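Take a look at the letters that make up each chain.
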Amino acid sequence: MNILRGAVAGIVLFMAGGAGAQDIELPRQMSWTAYDTGSAGFNQAVAIGGELQKATGTSLRILPGKNDVSRTQPLRQRRVEFSATGIGGSFMAQEGAFEFGEKNWGPQPLRVLLANFGGDVNLSVGVAADAGIETYADLRGKRVAWIAGAPGLNVNMEAYLAYAGLTWDDVTKVEFGGYGAGWTGLIEGEVDAMFGSTNTGPAYEAAAGPRGLLWPPMDPADEEAFKRLTDVAPFYTPNKASVGAGIDGTDGVQGATYAYPVLVSMADADPDLVYNMTKAMVELFPQYDGKAPGIGGWNIDKQNFTWVVPYHDGAIAYFKELGVWSDEAQAHNDRLIERQEVLQAAWKELEAENPDDWVAAWSQKRRDALADAGFKVVF
């Protein structure tokens, strides 16, 4: 049985003792995937789960995944209801890009419930303070972490290299098996630079370690450099972080950010379950706000309803009740769903063709399909 639909049969109505949680209908147990233990995404998921249990009695199990594929696979298999993922497990999975372009994957029909669009945290590159890196141009010739099975992390690092006019060919790429392992490599001297959120747990460990940690600043006046970054990763916006390892208590660091974590489901997730999960995320926000670094970005006031991945109908139903969903948002959402359908149709056509070099054939097929349908081509 599909877990997302089968769960509804076991739903119990909990009249919550906590404020704002009344009439939220959720199963007694649910599961999310999230980033590695100790990461900002994991810590936020745990904090949300704690308040969810207090208010509704629902037990939320958080399954850490070391990369985008390991976080998305249980969702695709319907072994978890939702995934608190990043740009790789949302936008890139939707696009069928990088690891999601392998023959056993393909473009995924994902939907957003809510996302952390907080402006107090950067998604950036942390560098060892003893590595002699003050600007992104100083990454030339340095050891840079590359995470297996994590296109979201790797394309972001590529974008920051592009900001400085560099590519992977200009640095020494050091491969690690997971997000946490990459940060451990920086702490232990195996690598000099690692991508992550400024508030991630491992970054605080690195800052307190023998090598120290820095976040090279961006020049907000250098529009050409920022365009090079967004040519690689179009989901970024300029931002000044005030929260993070080595940043807390300072004037902040100029950089860039995007939504992280992003709570997603499959498109066929039960609308009632999605509605109630979204409602819980919004109405319990005062309870979990402040319980983990950077968690304030889940606030309904910070949501971007014209982002790069479509919202689920169940979430939209709740947003309409709140009066925050507009005709513009609906038109944008419909167009994003159409984009997903174009990609999925192109994938099925290629499956019928069964080319020998699948990766190369899919790369061309998806680009052609997007262009022919009038969509922006990325990756």
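Preceding block: the structure.
What this report covers is the structure whose coordinates are included nearby. (Residues numbered from 1 in each chain as written. Predicted model: local features only at pLDDT ≥ 70, side-chain atom pairs only at ≥ 80, totals over all residues. Heavy atoms only, no water.)

Quick look at the overall build of the protein chain
Here comes step 1: Scanning the protein chain from terminus to terminus reveals 13 helices and 14 strands.
Here comes step 2: Radius of gyration (C-alpha) of the protein chain: 20 Å, near the 21 Å computed for a compact globule of 379 residues.
Here comes step 3: Seen along its three principal axes, the alpha-carbon backbone of the protein chain occupies a region of about 55 × 55 × 35 Å.
Here comes step 4: By the burial criterion, 57% of the 379 residues in the protein chain qualify as buried.
Here comes step 5: Counting only contacts in the protein chain whose residues sit at least 6 apart along the sequence, the fraction spanning at least 24 positions is 73%.
Here comes step 6: Here the protein chain displays about 14700 Å² of accessible surface, and carbon together with sulfur accounts for 48% of that area. (Helix = DSSP H or I, 4+ residues; strand = E, 2+ residues; numbered from the N terminus. Rg over C-alpha atoms; globule rule 2.2 N^0.38 Å. Buried < 20%, exposed > 50% of the residue type's maximum accessible area, 1.4 Å probe, protein only. Contact = heavy atoms within 4.5 Å. Areas by Shrake-Rupley, 256 points an atom, 1.4 Å probe, with all protein chains shown as cover.)

Topic: the sheet that holds strand 6 (residues 110–115)
Here comes step 1: If you walk across this open sheet you meet the five strands as 4-3-5-14-6, and the pairing is mixed. This sheet does not close on itself; its edge strands, each paired only once, are strand 4 (59–64) and strand 6. Here the average twist between neighbouring strands, direction ignored, is 30°.
Here comes step 2: Of the strand pairs in this sheet, strand 5 (residues 82–85) and strand 14 (residues 262–266) are connected by three bridges, and their pairing is antiparallel. Among the inter-strand pairings, serine 83 is bridged to a residue of strand 14, identified as valine 264. (Pairing = 2+ DSSP bridges. Axes fitted to C-alpha atoms, helices over the stretch in contact; angles between N-to-C directions.)

What about the side chain of asparagine 122?
Here comes step 1: By the element assignment, asparagine 122 lies in the loop between strand 6 and strand 7 (123–128).
Here comes step 2: For asparagine 122, a relative accessible area of 1% gives the class buried.
Here comes step 3: Among the polar contacts made by the side chain of asparagine 122, one reaches the main-chain carbonyl oxygen of valine 253 at a distance of 3.0 Å.
Here comes step 4: Excluding its chain neighbours within four sequence positions, the residues that come into contact with asparagine 122 are Gly196, Ser197, Thr198, Asn239, Lys240, Ala241, Val253, Gln254, Gly255, Ala256 and Thr257. (Polar contact = N/O pair within 3.5 Å; in protein donor to acceptor, adjacent residues only side chain to side chain.)

Side note on the environment of alanine 206
Here comes step 1: As for its position among the elements, alanine 206 is in helix 7 (residues 201–208).
Here comes step 2: With a relative accessible area of 3%, alanine 206 lands in the buried category.
Here comes step 3: Taking the C-alpha atoms as reference, alanine 206 lies 19 Å from aspartate 138; in sequence the two are 68 residues apart.
Here comes step 4: Beyond its immediate sequence surroundings of up to four residues, alanine 206 is in contact with Trp183, Leu186, Ile187, Gly212 and Leu213.

Some words on the side chain of aspartate 68
Here comes step 1: The residue aspartate 68 is located in helix 3 (residues 68–76) in this model.
Here comes step 2: Side chain to side chain, aspartate 68 and arginine 71 meet in a polar contact 2.8 Å long.
Here comes step 3: Those residues in contact with aspartate 68, other than ones at most four positions away along the chain, are Tyr35, Gly88, Gly89, Phe100, Gly149, Ala150, Pro151, Gly152 and Leu153.

What about unusual backbone geometry?
Here comes step 1: The amide bond that connects tyrosine 260 to the next residue, proline 261, takes the cis arrangement and shows omega of -5°.
Here comes step 2: Here proline 261 lies in the loop between strand 13 (253–257) and strand 14.
Here comes step 3: Phi at arginine 78 takes a positive value of approximately 60°, unusual for a residue other than glycine.
Here comes step 4: Structurally, the position occupied by arginine 78 is in the loop between helix 3 and strand 5.
Here comes step 5: Relative accessible area serves as the criterion here: at 21%, arginine 78 is assigned to the partly exposed category.
Here comes step 6: At phenylalanine 98, a residue that is not glycine, the phi angle is positive and equals roughly 60°.

Observations concerning the layout of surface pockets
Any space left empty among the atoms is revealed by the rolling of a water-sized probe across them.
Here comes step 1: Space inside the largest pocket adds up to approximately 410 Å³.
Here comes step 2: Taken together, 23 residues make up the lining of the largest pocket; nearest its centre are Pro234, Phe235, Thr306, Trp307 and Val308.
Here comes step 3: Mapped by element, the contributors of at least two residues to the lining of the largest pocket are strand 12 (237–241) and helix 12 (327–353).
Here comes step 4: It is helix 12 that contributes the most residues to the lining of the largest pocket, four residues altogether.
Here comes step 5: For the lining of the largest pocket, the two domains that each supply at least three residues are domain 1 (29–117 + 260–373) and domain 2 (123–257).
Here comes step 6: As a volume, the second largest pocket reaches approximately 180 Å³.
Here comes step 7: As for the second largest pocket, its lining consists of Gly96, Ala97, Phe98, Gly101, Glu102, Val359, Trp362, Ser363, Arg366 and Phe379.
Here comes step 8: Looking at the lining of the second largest pocket, its residues break down into five nonpolar, three polar and two charged. (1 Å grid on protein atoms, 1.4 Å probe; cavity = no way out; pocket = protein on both sides within 12 Å on 5 of 7 lines; lining within 4 Å. Points joined across faces, edges and corners; volume = space filled by probe spheres on them. Domains from an automatic or database assignment. Nonpolar A, V, L, I, M, F, W, Y, C, P; charged D, E, K, R; others polar.)

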